[in-house]
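Structural description and commentary
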Amino acid sequence: HRSRHKLLRRGRSRQRNTMRFPRLAVAAAICVASAQAFTLSRGKGSNVAFAPISTRATRDVSTRMSDAVAESETATEYSVMRPPIDWMTWDRVADQLVNTFGYSHEEVAKYSLDVDEDKDRLMKIYKAMTLARGFENACNQQYMQGKIRGFMHLDNGQESIPALVDYAIKKGDKKYSYYREHTHAIASGVDSGAVMAELFMKEGGTCKGAGGSMHIFDKETYFQGGWALVSEQLPYAAGAAKSILIDREMGLSDNDKFTKENVAPPEDDDRISVVFIGEGGSQNGRMAEILNAAGKDNLPLLIIVIDNGRAI
């Protein structure tokens, strides 16, 4: 029995060693294959591609990557998925305003000079942009210190959007943003202190600290919150635009407590519903649905697509 037991132990030991070797061999093979498969090699022309190379012709990877970077910097031909940022010139915008939206040439000419020759308006836009950048920088600092918790999406580099809101969107317009909405709320008139308090989960926040970074809401400025799920805000914005038409049809308006009363809105009521969305979210099926609804019912709906090239 003892000799048989020893033989069994030796067999199991050999089996374990045999099993361990394939595992190590597989791991080593993966490492080698990865190093080979992702070594830069120069292809035909000016293109640089990833391709396997032979271990006999190895070369320092860092040197080859430096060559690839230098070569890509000198390349002149490239392709883009969208027009360059400087493609949308004012002349092209003016043509769209006239040919697509029915503005007269006189109105377009007035808009072209509406801001450039007005220092006060330029300062208003600049103030909105600097406030947006300063607020987001402060949020970043507090988040890194652990004072703001949970998810937080900053808007650095996109200050032109809140500047547009601050300059052109009215207080009575209904606004629907997405999860990157701190600066949209502030530009809409929401107190910046209340927005920051919301991020800190304080009682003085816009939602008493219960909403957090992605759910800023303010009834007085008709800022209808940020929405965490991609494209979720789109149908609500279309519904808000429909409600504006219903108010005009039924002679309803909001009182001081923001509840409906049987008082017709003014004849020059030009309220609209505004919704913000990224270029990735704009490809969601909800976008097609609200475009159909807007076209069918002529909804007063403004869709601001923020194309920052970061869609995933």
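The text that follows walks through the structure, step by step, so that each part is easy to find. (Residues numbered from 1 in each chain as written. Predicted model: local features only at pLDDT ≥ 70, side-chain atom pairs only at ≥ 80, totals over all residues. Heavy atoms only, no water.)

Time to look at the overall build of the protein. Helix and strand counts for the protein stand at ten helices and eight strands. In the protein, which comprises 312 residues, the share counted as buried stands at 31%. Total accessible area on the protein stands at roughly 21100 Å², and carbon and sulfur atoms take up 55% of it. (Helix = DSSP H or I, 4+ residues; strand = E, 2+ residues; numbered from the N terminus. Buried < 20%, exposed > 50% of the residue type's maximum accessible area, 1.4 Å probe, protein only. Areas by Shrake-Rupley, 256 points an atom, 1.4 Å probe, with all protein chains shown as cover.)

This brings us to the sheet that holds strand β4 (residues 223–227). Backbone-to-backbone hydrogen bonds join strands into a sheet, with any given pair of strands oriented parallel or antiparallel. As summarised here, the arrangement of the four strands in space is β4-β3-β7-β8, forming an open sheet in which the pairing is parallel. Of all the strands in the sheet, just β4 and β8 (301–306) have a single pairing partner and so form its edges. Each strand of the sheet is rotated relative to its neighbour by a mean of 15°, with strand direction disregarded. Examined bridge by bridge, strand β3 (residues 174–178) and strand β7 (residues 273–278) share three bridges and lie parallel to one another. Bridging across to β7, Tyr-176 finds its partner in Val-275. Contacts from helix α10 (residues 285–297) reach β7 and β8, with the element oriented near 150° to β8. (Pairing = 2+ DSSP bridges. Axes fitted to C-alpha atoms, helices over the stretch in contact; angles between N-to-C directions. Contact = heavy atoms within 4.5 Å.)

Its place among the elements puts Glu-159 in the loop between α5 (119–144) and α6 (160–168). Residue Glu-159 is classed as buried on the basis of its relative accessible area of 8%. A polar side-chain atom of Glu-159 sits 2.6 Å from a polar atom in the side chain of Arg-133. A polar contact of 3.0 Å, which involves the side chain of Glu-159, links it to the backbone nitrogen of Gly-157. (Polar contact = N/O pair within 3.5 Å; in protein donor to acceptor, adjacent residues only side chain to side chain.)

Where α5 meets helix α8 (residues 192–199), the closest approach of the two axes is 12 Å, and the angle between their N-to-C directions is 20°. The angle between the axes of α5 and α8 places the two elements in the roughly parallel class. Considering how the two elements wind past one another, α5 and α8 form a crossing that is right-handed. Note on element contacts: α8 touches α5 through Ser-192, Val-195, Met-196 and Leu-199, opposite Phe-135, Ala-138 and Cys-139. Split into classes, the residues belonging to the contact of α5 with α8 amount to six nonpolar, one polar and no charged. (Parallel < 35°, antiparallel > 145°, perpendicular 65-115°, else oblique. Left-handed = near helix turned anticlockwise from the far one by under 90°. Nonpolar A, V, L, I, M, F, W, Y, C, P; charged D, E, K, R; others polar.)

Our focus in this paragraph is the packing of aromatic side chains. Tallying each qualifying case throughout the model produces four aromatic pairs. Their ring planes at 75° and their centres at 5.7 Å tell us that Tyr-222 and Phe-258 sit as a pair that is edge-to-face. Placement of the pair is Tyr-222 in the loop between α8 and β4 and Phe-258 in the loop between β5 (253–254) and β6 (260–261), with a sequence separation of 36 residues. Residue class for Tyr-222 comes out buried when judged on its relative accessible area of 16%. The class for Phe-258 is partly exposed, based on a relative accessible area of 28%. (Phe/Tyr/Trp six-rings, centres within 6.5 Å; stacked < 30°, edge-to-face > 60°.)

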